[in-house]
Amino acid sequence: MQSKSNKRKRSVQSKVTSEEPPLKKATRWTNKQRVLVFCSRGMNFRYRHLMQDLKTLLPHHRPEPKMERSKTLSIVNDMCEMKNCNKALMFEGRRKLDLYIWMSNITNGPSVKFAVDNIHTMAELKLTGNCLRGSRPLLSFDPRFDEMPHYSLLKELLSQIFGVPNRHPKSQPFFDHVYTFTILDGRIWFRNFQIVSEDGALTEIGPRFVLNPVKIFADSFGGPPLWENPKYVSPAKYRRQMQLSAKKDKYISKQQQKLRAEATKPETSYELNPLDQVFKKDPIKQKLIPDNDQLKKKRKNRKGNKTK
Amino acid sequence: MKIKTRKKISESSDSNLSSDSETELQEAFAKGLLKPGLNVVEDAPKTFVNDETALKEKLLEFKLKLPWIETLDSLNPPAPLAPEIAAQILEQEEKQKSLRSNNKKLPTISIENDPVLNDFKREMMFYRQAQAAVLSSIPKLKEMKIPTKRPDDYFAEMAKSDKHMQKIRQNLMQKQVGKERSEKIKQLRLQRKEGKALQIQTKLERQQEKKQILDRVKKIRKGVDRNLDFLNQDGVKNTKKDGVKNKKALEKRKWRNERFGHGGKKRGSKMNTRESSADVSNYKRSAKPGGKGGLKGKAVRPGKNRRNNLKNRRK
């Protein structure tokens with residue numbers, strides 16, 4: 001309260017002393033971004049935690065309760081206007097398995113739908129870094145973001161949403177973390193690093209996730225599509241393909257095994273010398289069925305006995 | 001949409017244009033376009049929208065025209081590979097190699113396709129990109145005279161709570177302790193192995209010695225050899241050992257000799273003499289039978305038979 005009154009005094013004084021128009025203060029919050037962060041129903045716990053992490057990292061966010069599935073997406077525009085937000089970050093869970101994120105510039109667009117995978121939240125113990133809550137991140141983009149028009153559009157949108165505005169009342173004054181956005185096989189990989197020392201020693205804070213862009217629309221949550229990802233396969237379809245291919249592979253591998261067995265089957269199971277069997281006789285047979293020689297001997301003996 | 005032609009034909013036969021479509025089909029068949037069997041209508045290849053001009057227009061429309069300090073964004077390729085990171089990558093590579101060579105059950109994958117190693121390399125790439133951003137942006141901020149580093153006495157709420165950081169620290173400690181312990185155990189195991197090897201060696205040596213002696217004895221018995229020196233050598237060794245060992249026993253012998261005597265005549269030493277028989281100092285009158293004297297106070301316990309009888313009577 002005191003400081004406020006002081007300020008007032010000072011301003012009054014300046015007005016009295018000089019008649020020039022007051023200089024624009026450098027300490028102004030000009031870049032007024034407000035992001036509405038919320039989710040639809042049917043979210044997984046991990047996705048909810050990710051959303052919580054993003055909320056802690058974005059001091060310029062506004063919360064909003066879960067949206068019903070039955071409502072159409074265009075309602076989000078009204079919600080944002082009600083909350084005085086000009087950006088939206090919407091989490092959409094499907095089947096408690098897949099996560100989609102909508103990012104949108106409210107009123108005039110564009111909006112983007114991403115499929116998200118490889119999520120690691122900030123709570124994981126292997127991510128050992130830490131940063132001030134609400135300090136401004138440095139944003140680092142891959143040079144490939146300038147090569148294609150859709151990537152440069154995505155870059156602008158990402159930097160507007162994830163960059164904390166200068167002089168935002170809830171932000172902290174120092175720079176202790178970096179976000180990296182890297183393009184690898186058509187996806188955008190997000191990482192958050194703590195700046196341990198300014199000569200380039202970093203530790204990871206988290207969260208980690210990978211954004212797979214699906215579609216870019218001209219307007220916010222609607223309008224004609226500007227770009228579509230030709231390589232995108234929906235997670236459900238991908239899972240089904242995997243299942244089918246596993247089945248097919250199983251059948252094919254069985255057939256191949258059979259063929260291979262047939263081809264590599266040896267002609268003789270054991271190498272036997274046929275001469276070995278000519279002279280040796282089976283000892284069991286010999287006992288059971290006495291040979292002709294032995295029989296003759298026996299007969300002779302008998303005859304001899306009789307004659308005696 | 002996959003439609004069998006038979007179905008199509010049946011549908012078309014219901015409609016008014018049946019004759020037309022049928023004739024069309026007949027013509028197609030005659031030309032050889034249709035073949036007997038199932039005919040499937042295939043999808044047209046899907047076209048993906050990529051409206052570059054509209055994308056550029058949109059970008060211009062919503063792009064912020066603000067100085068860099070408002071956004072803090074930068075495009076940068078990964079920083080050059082620092083030697084310590086290169087060392088880390090090499091270390092990981094060796095670790096994976098040794099893992100694969102030691103465990104035959106793991107699938108054999110070439111080192112370039114190793115998923116674990118590739119993961120590590122990818123993470124390192126992200127790390128280097130972040131490094132490049134730091135190295136380029138922090139000097140810019142310093143030029144603008146904006147404080148970048150948090151002073152040690154500046155406290156504020158952190159993204160991760162103290163409790164969580166404690167957990168992380170504990171986890172790290174646990175990992176380190178586990179590593180140390182496993183190393184210790186490894187060393188112990190090695191020591192034990194060496195000890196065992198030594199034991200076996202000495203045992204074998206002794207056996208060999210014994211065998212040699214026995215062989216020599218055999219030779220002497222047969223009269224081949226007449227040299228008995230080797231026995232003396234061993235004998236000297238043994239007596240020396242015994243002398244050291246039985247110091248206590250010798251002392252004991254000495255004491256016994258003092259007490260019980262050593263040498264001299266033993267016969268008749270336990271016989272009575274005139275003096276011994278006259279000595280009555282050790283004599284005590286025996287207690288009177290019936291327990292009248294000293295046993296009065298004590299409860300008398302009858303014999304076993306009587307006790308049993310008493311028990312039976314009570315029942």
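In case you missed it, the structure is sitting above this.
Thresholds, definitions, all that
- Residues numbered from 1 in each chain as written.
- Chains lettered and ligands numbered in written order.
- Predicted model: local features only at pLDDT ≥ 70, side-chain atom pairs only at ≥ 80, totals over all residues.
- Heavy atoms only, no water.
- Helix = DSSP H or I, 4+ residues; strand = E, 2+ residues; numbered from the N terminus.
- Buried < 20%, exposed > 50% of the residue type's maximum accessible area, 1.4 Å probe, protein only.
- Contact = heavy atoms within 4.5 Å.
- Areas by Shrake-Rupley, 256 points an atom, 1.4 Å probe, with all protein chains shown as cover.
- Phe/Tyr/Trp six-rings, centres within 6.5 Å; stacked < 30°, edge-to-face > 60°.
- Buried area = accessible area lost by both parts, 1.4 Å probe.
- Salt bridge = Lys/Arg side-chain N within 4 Å of Asp/Glu carboxyl O.
- Polar contact = N/O pair within 3.5 Å; in protein donor to acceptor, adjacent residues only side chain to side chain.
- Nonpolar A, V, L, I, M, F, W, Y, C, P; charged D, E, K, R; others polar.
- Pairing = 2+ DSSP bridges.
- Axes fitted to C-alpha atoms, helices over the stretch in contact; angles between N-to-C directions.
- Parallel < 35°, antiparallel > 145°, perpendicular 65-115°, else oblique.
- Left-handed = near helix turned anticlockwise from the far one by under 90°.
- Core = buried A, V, L, I, M, F, W, Y, C linked by side-chain atoms within 4.5 Å.
- Expected span 1.5 Å × (residues − 1).

A. Fine view of the overall build of chain B. Across its full length, chain B holds 11 helices and 1 strand. Each helix and strand of chain B, ordered N terminal to C terminal, gives the series α-α-α-α-β-α-α-α-α-α-α-α. In chain B, buried positions account for 16% of the 315 residues. Here the analysis covers contacts within chain B between residues at least 6 apart in sequence; of these, 57% occur between residues at least 24 apart. For chain B, the computed accessible surface area is about 28800 Å², with 53% contributed by carbon and sulfur atoms.

B. Representation of the packing of aromatic side chains within the structure. Residues and elements named next belong to chain A. All chains considered together, the criterion is met by 14 aromatic pairs over all chains. Taken together, a centroid distance of 5.7 Å and an interplanar angle of 20° make the contact between Trp-102 and Phe-217 stacked. Of this pair, Trp-102 sits in strand β4 (residues 98-105) while Phe-217 sits in strand β10 (residues 208-219), and the two are 115 residues apart along the sequence. Considered together, Trp-102 and Phe-217 belong to a single accessibility category, that of buried residues. Ring pairs connect the aromatic residues Phe-141, Phe-145, Tyr-151, Phe-162, Tyr-179, Phe-181, Phe-190 and Phe-209, which therefore count as one cluster.

C. Region of interest: the interface of chain B and chain A. Contacts between the two partners involve 59 residues from chain B, matched on the other side by 70 residues from chain A. Buried surface at the junction of chain B and chain A, summed over both partners, amounts to about 5800 Å²; 63% is from carbon and sulfur atoms. Counting the surface chain B buries against chain A, the share from its top three residues, Leu-55, Phe-62 and Leu-75 of chain B, is 12%. Applying the counting rule to chain B against chain A returns 5 salt bridges. Linking chain B with chain A are 30 residue pairs in polar contact (both at pLDDT 80 or more). Elements represented by at least two residues in the side of chain B that touches chain A include exactly α3 (52-62), α4 (68-71), β1 (73-75), α6 (115-143) and α7 (162-222) of chain B. It is α6 of chain B that contributes the most residues to the side of chain B that touches chain A, 15 residues altogether. When the residues that make up the side of chain B that touches chain A are grouped by side-chain class, the tally is 31 nonpolar, 11 polar and 17 charged. Here 3 bridges tie strand β6 (residues 138-141) of chain A to β1 of chain B, and the two strands are oriented parallel to one another. Its bridge partner being in β1 of chain B, Ser-140 of chain A is matched across the sheet by Ser-74 of chain B.

D. Region of the structure containing the pattern of salt bridges. Taken as a whole, this structure holds 22 salt bridges over all chains when the rule is applied. Among the salt bridges present, the one from Glu-68 of chain A reaches Arg-41 of chain A, with a minimum N-O distance of 3.1 Å. Note that Glu-68 of chain A is positioned in the loop between β2 (61-63) and α3 (75-82) and Arg-41 of chain A in the loop between β1 (35-39) and α2 (45-57), a separation of 27 residues in sequence. Because the salt bridges share partners, they merge into one network encompassing Arg-191, Glu-204 and Arg-208 of chain A together with Asp-119, Arg-122 and Glu-123 of chain B.

E. Fine view of the packing of helix α4 (residues 149-162) of chain A against α3 of chain B. Running from N to C, α4 of chain A and α3 of chain B cross one another at 25°; their axes reach a closest spacing of 9 Å. Compared by their axis directions, α4 of chain A and α3 of chain B come out roughly parallel. By crossing handedness, the relation of α4 of chain A to α3 of chain B is classed as left-handed. Each of Pro-149, His-150, Ser-152, Leu-153, Glu-156, Leu-157 and Gln-160 of chain A in α4 of chain A lies in contact with α3 of chain B, whose residues at this interface are Glu-52, Leu-55, Lys-56, Lys-58, Leu-59 and Phe-62 of chain B. Split by residue class, the contact of α4 of chain A with α3 of chain B holds 6 nonpolar, 3 polar and 4 charged.

F. Quick peek at the pairing of strand β3 (residues 87-94) of chain A. All names here are of chain A. Counting buried positions along β3 yields 7 of 8 residues, so the element is predominantly enclosed. Both β1 and β3 contribute to a ladder of 5 bridges, which runs parallel. Note on β3: the bridge partner recorded for Phe-38 is Met-90. Here β3 runs beside β4; their pairing, made up of 8 bridges, is antiparallel. Its bridge partner lying in β4, Phe-91 is registered against Ile-101.

G. Here's a closer look at the nonpolar core. Residues Phe-91, Met-103, Phe-162 and Phe-181 of chain A are the most contacted members of the largest nonpolar core, which totals 48 residues. Contacts of Phe-181 of chain A, omitting those with residues within four sequence positions, involve Leu-139, Ser-140, Phe-141, Asp-142, Phe-145, Leu-158, Phe-162, Ile-188, Trp-189 and Phe-190 of chain A together with Gln-129 of chain B.

H. Expanded view of α7 of chain B. Residues and elements named next belong to chain B. Compared with the 90 Å implied by 1.5 Å per residue over 61 residues, the 90 Å span of α7 between its first and last C-alpha is a close match. Little of α7 is tucked away, with 4 of its 61 residues classed as buried. Among the residues of α7, His-164, Met-165, Ile-168 and Asn-171 are the ones counted as buried. Positive backbone phi, approximately 90°, marks Gly-223, located one or two places after α7.

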